[in-house]
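# Residue-level structure breakdown
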Amino acid sequence: MGTVVHFKQAGRPLLPSEVQNGERALAESLDRLTKARLWSAVGHLQTALIGAEKIRDRLPVGPVRDDFEQKLTALIRHLSHLHEQVEQL
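Small disclaimer: the values here were computed from a predicted structure and weren't measured.

What follows concerns the environment of Lys-35. Here Lys-35 lies in helix H1 (residues 16–58). By relative accessible area, Lys-35 is classed as partly exposed at 25%. The spatial distance from the C-alpha of Lys-35 to the C-alpha of Val-86 is 7.4 Å, given a sequence separation of 51 residues.

Laid out in structure tokens, this is it:
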């Protein structure tokens, strides 16, 4: 993903509308980039949780597994909340 920026030739100052259009285009590009990075991070976290669930399934029944299960449940809840927040952007 790239953004092409065109500069005006020297000789006259930019008009206020040209400055505003440039600022708006830059803000929109940064917004798209930020959202893409957030979705990428959410995807990596979901993949990590799948791996953690596989580890949990291999743990013997007992206090270690119970503790792991509680922490994993909290992580899943936080990831769901993060997913909702990113969707609202």
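Attention now goes to the pattern of salt bridges. Counted by the stated rule, this structure contains four salt bridges. A salt bridge links Asp-31 to Lys-35; the nearest nitrogen and oxygen atoms lie 3.3 Å apart. In this pair, Asp-31 and Lys-35 are both assigned in helix H1, four residues apart and thus about one turn of the helix distant. Of the residues examined, Asp-31 reaches a relative accessible area of 39% and is grouped as partly exposed.

Let us look at H1. Helix length check: H1 (43 residues) gives 63 Å between terminal C-alpha atoms against 63 Å at 1.5 Å per residue, within 8%. Turning to H1, its buried residues number three or more, namely Ser-29, Val-42, Leu-49, Ala-52 and Arg-56. Contacts made by the buried residues of H1 are with helix H2 (63–88).

On the surface, Leu-26, Leu-30 and Leu-33 cluster together to form a nonpolar patch covering roughly 260 Å² of accessible area. Residue placement: Leu-33 occurs in helix H1. Assessed through its relative accessible area of 31%, Leu-33 is described here as partly exposed.

Analysis parameters
Each chain carries its own residue numbering, running from 1 in the direction its sequence is written. pLDDT decides what is reported in this predicted model: residues at 70 or higher carry local features, side-chain atom pairs at 80 or more are listed and counted, and totals for whole chains, interfaces and linings draw on all residues regardless. In computing side-chain values, all of the structure's heavy atoms are included and hydrogens and water are not. A run of H or I in DSSP becomes a helix once it reaches four residues, and a run of E becomes a strand once it reaches two; helices and strands are each numbered from the N terminus. Buried residues are those whose accessible area, probed at 1.4 Å on protein chains only, stays under 20% of the maximum for their type, while exposed residues exceed 50% and partly exposed ones sit between those limits. By salt bridge we mean one thing: a side-chain nitrogen of Lys or Arg within 4 Å of a carboxyl oxygen of Asp or Glu. A helix is expected to reach a length of 1.5 Å times the quantity of its residues less one. The contact rule is simple, with two residues in contact once any of their heavy atoms fall within 4.5 Å. Patch definition: residues above 30% relative accessible area lacking any salt bridge, with like charges linked at up to 9 Å and the nonpolar side chains Val, Leu, Ile, Met, Phe, Trp and Tyr linked at up to 5 Å. Here the open area of atoms and residues is found with the Shrake-Rupley method and a 1.4 Å probe, where only the protein chains shown may cover a residue.

Worth remembering: the numbers are spatial, not functional.
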